[in-house]
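This is what each chain is made of:
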There are 2 protein chains.
Amino acid sequence: MPSSRARSTPPSAAPARRSPCPVACFLDLLGDRWTLLVVRDLLLGRSRFKEFVASPEGIPTNILSERLRRLTEQGVVEQIESSPGSKHLAYRLTRRGQALRPVLESMRAWGLKHLRGTRAALEE
Amino acid sequence: MPSSRARSTPPSAAPARRSPCPVACFLDLLGDRWTLLVVRDLLLGRSRFKEFVASPEGIPTNILSERLRRLTEQGVVEQIESSPGSKHLAYRLTRRGQALRPVLESMRAWGLKHLRGTRAALEE
DNA sequence: ATCTTCACTTGCATTTTACAAGTATTTTTA
DNA sequence: TAAAAATACTTGTAAAATGCAAGTGAAGAT
């Protein structure tokens, strides 16, 4: 018998938030080993699936396509055509996605200062 | 038997880095759904194991103790005694850990602006 | 028309996470 | 001082996420 906390799944497939804390919600959406690396690539000007795959960390393609889908659903990323008239896709950050720049920049600054052996990529 | 210090696998069990990118290294260390919530709690002034457990997100205790161990090993957190003379433990951020504040603040700002239904906890 | 590239998807083994329960100290209470 | 409660975990196990290799169909190039 379920005691205090109701366990029922809401009808919509919205991933449940753990709390209303903005940090917790941020992590619910972007907090894993790969998602913010895709955002980093986008901030660095990369836009194609193959470019994300070619990044030195080597993201698996199934993970990448799932993350791109989630970021697109959440309005952080949008699809465009890779070149005028082409049916191949590319991705770019929405305004909401661009607004993640300060987060990535503060992470980069911390890493450069506090983790040995890191070195900055060109620029963000 | 490796006679001299092999370059491939250092004797300590340092988790392999995916690349020298400071963002990637940051995520190797802190990039999951729970670790930065512990840092958030520490920035909010919480210091005891039970306080972290009592946070609204409900971190499982095995995850919490593993994360505290890792953060302590990496010099982000240090142990202190919970009250003078007590043998119970508490935790606090080192200087390196305090330096994570801008990261948490930018995440918080993004969440408040771009994710509905989030509301700020007291202050950080 | 054929070949190659692109952007995925699928299947499966491995790893990590979540949840419940248990345990050894330490501290408080009677 | 003995019993009870709190503290800070550990252990076991089911569920979910991840990592890797291989496969697929549409698009573009030759």
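Residues numbered from 1 in each chain as written. Chains lettered and ligands numbered in written order. Predicted model: local features only at pLDDT ≥ 70, side-chain atom pairs only at ≥ 80, totals over all residues. Heavy atoms only, no water.

## Points about the relation of the copies chain A and chain B
Here is step 1: In the superposition of chain A on chain B (RMSD 0.1 Å, axial shift 0.0 Å), the rotation amounts to 180 degrees. Seen this way, the second copy is the image of the first under a two-fold rotation axis. Within chain A, the C-alpha atom positioned nearest to the axis of rotation is that of Asp32(A), 2.2 Å from it. (Least-squares fit on C-alpha atoms with pLDDT ≥ 70 in both.)

## Observations regarding the interface of chain A and chain B
Here is step 1: Each side of the interface is counted separately: chain A has 44 residues, and chain B has 44 residues.
Here is step 2: Between chain A and chain B, roughly 3800 Å² of surface is buried when both sides are summed, and carbon and sulfur atoms account for 67% of that area.
Here is step 3: Summed over the three residues of chain A that lose the most area to chain B, namely Arg18(A), Pro22(A) and Trp110(A), the buried surface amounts to 19% of that side.
Here is step 4: Between chain A and chain B we count 2 salt bridges in total.
Here is step 5: A salt bridge links Asp28(A) to Arg33(B), with the nearest nitrogen and oxygen atoms 3.2 Å apart.
Here is step 6: Ranked by residues supplied to the side of chain A that touches chain B, first place goes to helix H6 (residues 101-114) of chain A with 10 residues.
Here is step 7: Each residue belonging to the side of chain A that touches chain B can be placed in one class, and the counts come to 25 nonpolar, 7 polar and 12 charged. (Contact = heavy atoms within 4.5 Å. Buried area = accessible area lost by both parts, 1.4 Å probe. Salt bridge = Lys/Arg side-chain N within 4 Å of Asp/Glu carboxyl O. Helix = DSSP H or I, 4+ residues; strand = E, 2+ residues; numbered from the N terminus. Nonpolar A, V, L, I, M, F, W, Y, C, P; charged D, E, K, R; others polar.)

## Structural notes on the packing of aromatic side chains
Here is step 1: For the structure shown, the criterion picks out 2 aromatic pairs over all chains.
Here is step 2: Ring geometry for Phe26(A) against Trp110(B): centres 5.6 Å apart, planes inclined by 85 degrees, an arrangement best described as edge-to-face. Here Trp110(B) lies in helix H6 (residues 101-114) and Phe26(A) lies in helix H1 (residues 22-30), a pairing that spans two chains. For the pair Phe26(A) and Trp110(B), a shared accessibility class is recorded, and that class is buried.
Here is step 3: Above the plane of the ring of Trp34(B) lies Arg18(A), whose end atom (NZ or CZ) is 4.5 Å from the centre. (Phe/Tyr/Trp six-rings, centres within 6.5 Å; stacked < 30°, edge-to-face > 60°. Buried < 20%, exposed > 50% of the residue type's maximum accessible area, 1.4 Å probe, protein only. Lys NZ or Arg CZ within 6 Å of the ring centre and 35° of its normal.)

## Focus: the packing of helix H2 (residues 35-43) of chain A against helix H1 (residues 22-30) of chain B
Here is step 1: One way to put it is that H2(A) packs onto H1(B) with a least axis distance of 10 Å and a crossing angle of 170 degrees. In this view, H2(A) runs roughly antiparallel relative to H1(B), as classed from their interaxial angle. Across from Leu36(A), Leu37(A) and Arg40(A) in H2(A), the residues of H1(B) making contact are Val23(B), Ala24(B) and Leu27(B).
Here is step 2: Here the residues of the contact of H2(A) with H1(B) are counted per class, giving 5 nonpolar, no polar and 1 charged. (Axes fitted to C-alpha atoms, helices over the stretch in contact; angles between N-to-C directions. Parallel < 35°, antiparallel > 145°, perpendicular 65-115°, else oblique.)

From the geometry alone we can't say anything about function, so treat these as descriptive.
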